[in-house]
Amino acid sequence: MSTSAIAPFAKFGRGIGVRQVRLTCGVILFAYLVSHFLNHALGIISSEALAAGVLYHTAFWQYPPVTLAFYSAAILHMSLGIWSLYERREFRWRSVEPLQLVLGLSIPVMIISHIIGIRLSQTLFDTEKLYPQVLYSYWVASSGRLWLMLGVLNVAWIHGCIGLYLWLRAKPLFKASKSVWFACAVLLPTLAMLGFYQGGRTVEQQSQSQQWRADNLRPPHADTAPHQEFLDQVVTYFLAGYLGLLGLMIVGRGARRLNERRGGLIALSYDDGRTIRVPKGLTVLEASIRNKVPHASVCGGRARCSTCRIRITNDLEVLPPPSKREAFVLDRVGAADDPAIRLACQLRPTSDVSFVRMFVPHVSATDPRRANPLRTGQERYLVSMFIDMRGSTKLAEKLLPFDTVYIVNQFLNVVSQAVTVSGGQPNQLYGDGQLALFGLTTDPQTACRQALRAAARLAANVDDLNQVLVHDGREPIRFGVGIHGGVVIVGDIGNSDHMVFTALGDAVNVAARLQDMTKVLGCETILSEEVYLRAALPPAALPAQDAIIRGRAETMRIHTVTKSAVLARLLDGKAAPATPEIGT
């Protein structure tokens, strides 16, 4: 294969770290839990439905490749969880991390007897324990185990939901659909426990029959006394080994901390003149947390964002090389070519380091935990729209300064009015131009259509403005618009004295480049293929071409609009034929 064909796979591989493997394993385990809960919920209908559902459940999860993936995921998830607990020096204890940690560590202790009693018994002794046998053991034989099983169902579910939340909370569509996620998170375990309860009641009544006991509580549906003794020993050995592993991890953390202190301290010098001394082995972010130094980190130190970025200002040769995950994130934000840019959550310096925090956290007088997460930084899908007034420089040459300012302000007023009425938010001003954002409170498709509607309204507003200013005898005001959608970071940017809410990301930069290209292509508006498709415009309604965007290696499909007013007709379903495509 050619180098260009291998490059995407190599880039994907650099983005895989311990957290990504643990997350993948967790998703597999959560899928099993969802399947199990759905099966439990069938107990609400009848014991026959419960028995029929378990056949489909076991047929899938006991298929050899799936079984291998499931148990591999379980072992890896548990092992990597313990390893991450050992490796991590500091925690943000005011978040959900402690709850997730405690719940996750308790699951193996609570579930192991069930796994050994069902799966290992089936593998070693060829027993067949289904719902009648399991429900009898919990409801009749030992009611204490019933509460243990209900407990582990809730513990595992909450642990999984926390993990999914920490993964999905920065995703663009999560906020729009979080009510659905919450409803599922509450409804599914409730239905599962109701089905489990109803199934248990049914088995409790059926177990009064001697014939039922003879059919369901003897081999091959039950273990013999020697077999049960062996399985109990396996459970005991596993618990001893697991608790011993946790104890070894705790001892290892203590030994490491003692060794780090003996190994000497290093100095971390911040951009505000503060210097702290910490043991070797801590990441820069962990050192900041330990010493209560404000340091931005939207993702909580998981290498899923770049807000903890720092710029090293002293000798770069003494720094350890970036890990694969750190290199991947830096490449995503275009900082891979600058060796002075590092992620504070990944860099573990071994000697004195001086640096500048590239994103200074904004600490307000209000409780940051109650602050709007959109203001503190969030990754989401937005449509960026750049609008620029044409010929303002020539205008300034012909008019008095205050007259020029007046006309520019009138133009910006009609721009803001078009954006606001269409459902967008006027954002940054750039001289005689403006950035507008769409999608802060809507889904991507609606945001794309709102941006196109705003461009059409802008054309109408500028025509009206030109009618007002026609008596001055100057050339009509012209404009250019660039529209592109994509995932960006939105939040407050600035210093403690001046914070500005805005968006940062490749999608914003592309929109600005498209606006610049309207000058070359002689049109009013250029929109990307991304926006064209999401807005569901009629096929071939606008001229299209492949264009080279400054700062991007690959070409991009764009659509040109000579007169922006036509966008209103296209959005209303009154498509006009497009002119032939403009080459490539």
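Note that the coordinates shown come from a computational prediction; the quantities given were computed from them, not determined experimentally.

Before going further, it helps to spend a moment on the layout of surface pockets. Any empty space left between atoms is shown by rolling a water-sized probe over those atoms. In this structure, the second largest pocket spans a volume of roughly 530 Å³. Taken together, 22 residues form the lining of the second largest pocket, with Cys161, Ile162, Trp181, Phe182 and Ala185 sitting closest to its centre. Secondary-structure elements contributing two or more residues to the lining of the second largest pocket are α2 (18-41), α7 (144-168) and α8 (174-206). Sort the elements by how many residues they give to the lining of the second largest pocket and α8 lands first, with eleven residues.

Counting buried positions over the seven residues of strand β13 (residues 555-561) gives five, a clear majority of the element. Bridge count for strand β11 (residues 525-528) against β13 is four bridges, and the pairing is antiparallel. Counterpart to Ser528 in the pairing with β13 is Ile558. In this structure, strand β12 (residues 544-548) lies alongside β13, joined through five bridges in antiparallel fashion. Among the inter-strand pairings, Gln545 is bridged to a residue of β13, identified as Ile558.

Another point: the confidence of the model for the protein. Note: predicted coordinates in regions of low pLDDT should not be interpreted at a detailed level. Averaged over the protein, the pLDDT score is 84; the fraction of residues at 70 or greater is 87%. Per-element mean pLDDT across the protein ranges from 48 in helix α13 (residues 373-376) up to 95 in β11. Under a pLDDT of 50 for its full length, residues 362-374 has, in the predicted model, ten contacts with residues more than four places off or in other chains. Low pLDDT, under 50, characterises residues 579-584; the stretch is placed with ten contacts to residues that sit more than four places away or in other chains.

The next thing to look at is the environment of Ile493. With respect to the secondary-structure elements, Ile493 resides in strand β9 (residues 478-495). Judged by its relative accessible area of 32%, Ile493 falls in the partly exposed class. Through-space distance from the C-alpha of Ile493 to that of Leu504 is 9.4 Å; in sequence the pair is eleven residues apart.

Rules and cut-offs
Residues numbered from 1 in each chain as written. Predicted model: local features only at pLDDT ≥ 70, side-chain atom pairs only at ≥ 80, totals over all residues. Heavy atoms only, no water. 1 Å grid on protein atoms, 1.4 Å probe; cavity = no way out; pocket = protein on both sides within 12 Å on 5 of 7 lines; lining within 4 Å. Points joined across faces, edges and corners; volume = space filled by probe spheres on them. Helix = DSSP H or I, 4+ residues; strand = E, 2+ residues; numbered from the N terminus. Buried < 20%, exposed > 50% of the residue type's maximum accessible area, 1.4 Å probe, protein only. Pairing = 2+ DSSP bridges. pLDDT = per-residue confidence, 0-100. Contact = heavy atoms within 4.5 Å.

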